[in-house]
Amino acid sequence: MIQADMDLVEILRLDRTMQKAVVSRFFWMFDHHYMSTPHKESHLRSIIKGLTWRVVASATILVITYFTTGDMETALTVTGIEFFVKLLLYYLHERIWQQVPRGAVRKLFGQKPEELA
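Nothing here was measured: the structure is a model prediction, and the numbers come from that model.

### Some words on the packing of aromatic side chains
Aromatic ring pairs: the centre-centre distance and the angle between the two ring planes describe each pair.
Then step 1. Per the counting criterion, the structure on display carries two aromatic pairs.
Then step 2. Ring centres of F83 and F84 lie 5.1 Å apart, and the angle between their planes is 80 degrees; this geometry places the pair in the edge-to-face category.

See below:
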């Protein structure tokens, strides 16, 4: 029997059919909650997401530029410029998307959520 307060170990003890039912129900509940609840990120969250992504992306561009040019000074210069320009662009991109209501893109293309799966 499936219960709302089951933990992972209990779910793993179920047979495959019941496991699929539990997982399916979980994703349905998550999707239903997520789609019916307005989700807006704070400015701080957008900034933190931008910063953490920029660290990863800038480390990548540093390595690529160094191996391409063989010059660490050039690699650091390119990385420094790229870090701040793309951080600003990412932040603006996030804030613009916050203005787009959830489901608007699906409506634009005439698709229902179940058709995307």
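### Points about the packing of helix α3 (residues 43–69) against helix α4 (residues 72–98)
Then step 1. For the pair α3 and α4, interaxial distance at closest approach is 8 Å and the crossing angle is 150 degrees. Here α3 is positioned roughly antiparallel relative to α4, judged by the angle of their axes. The chirality of how α3 crosses α4 is right-handed.
Then step 2. Looking at the contact of α3 with α4 residue by residue, the class counts come to 15 nonpolar, eight polar and six charged.

### Observations concerning α3
Then step 1. In this model α3 runs 37 Å from its N-terminal to its C-terminal C-alpha over 27 residues, within 8% of the 39 Å that 1.5 Å per residue would give.
Then step 2. Burial in α3 covers these residues: S46, G50, R54, A57, S58 and T65.
Then step 3. Tucked inside the fold, the buried residues of α3 contact α4.
Then step 4. At the C-terminal side of α3, G70 shows a positive phi close to 75 degrees.

### Let's talk about the environment of I47
Then step 1. Its place among the elements puts I47 in helix α3.
Then step 2. Taking relative accessible area as the criterion, I47 reaches 38% and is therefore assigned partly exposed.
Then step 3. The spacing of I47 and L88 is 41 residues in sequence and 9.1 Å in space, taken between C-alpha atoms.

### A few points about a nonpolar patch on the surface
Then step 1. A grouping of I81, V85, L88, L89, L92 and I96 is seen on the molecular surface, where their side chains present a nonpolar patch of about 580 Å² in accessible area.
Then step 2. Given a relative accessible area of 54%, I81 falls into the exposed group.

### As for the pattern of salt bridges
Then step 1. Evaluated as defined, the whole model comprises three salt bridges.
Then step 2. With a shortest N-O distance of 3.6 Å, K49 and E94 are connected by a salt bridge. With K49 in helix α3 and E94 in helix α4, the pair connects residues that are 45 residues apart, well separated along the chain.
Then step 3. Here E94 falls in the buried class, since its relative accessible area comes to 13%.
Then step 4. Across the pair K86 and E82 runs a salt bridge whose closest N-O atoms are separated by 3.7 Å.

Criteria and cut-off values
Residues numbered from 1 in each chain as written. Predicted model: local features only at pLDDT ≥ 70, side-chain atom pairs only at ≥ 80, totals over all residues. Heavy atoms only, no water. Phe/Tyr/Trp six-rings, centres within 6.5 Å; stacked < 30°, edge-to-face > 60°. Axes fitted to C-alpha atoms, helices over the stretch in contact; angles between N-to-C directions. Helix = DSSP H or I, 4+ residues; strand = E, 2+ residues; numbered from the N terminus. Parallel < 35°, antiparallel > 145°, perpendicular 65-115°, else oblique. Left-handed = near helix turned anticlockwise from the far one by under 90°. Nonpolar A, V, L, I, M, F, W, Y, C, P; charged D, E, K, R; others polar. Expected span 1.5 Å × (residues − 1). Buried < 20%, exposed > 50% of the residue type's maximum accessible area, 1.4 Å probe, protein only. Contact = heavy atoms within 4.5 Å. Patch = residues over 30% accessible without salt bridge, like charges linked within 9 Å, V, L, I, M, F, W, Y side chains within 5 Å. Areas by Shrake-Rupley, 256 points an atom, 1.4 Å probe, with all protein chains shown as cover. Salt bridge = Lys/Arg side-chain N within 4 Å of Asp/Glu carboxyl O.

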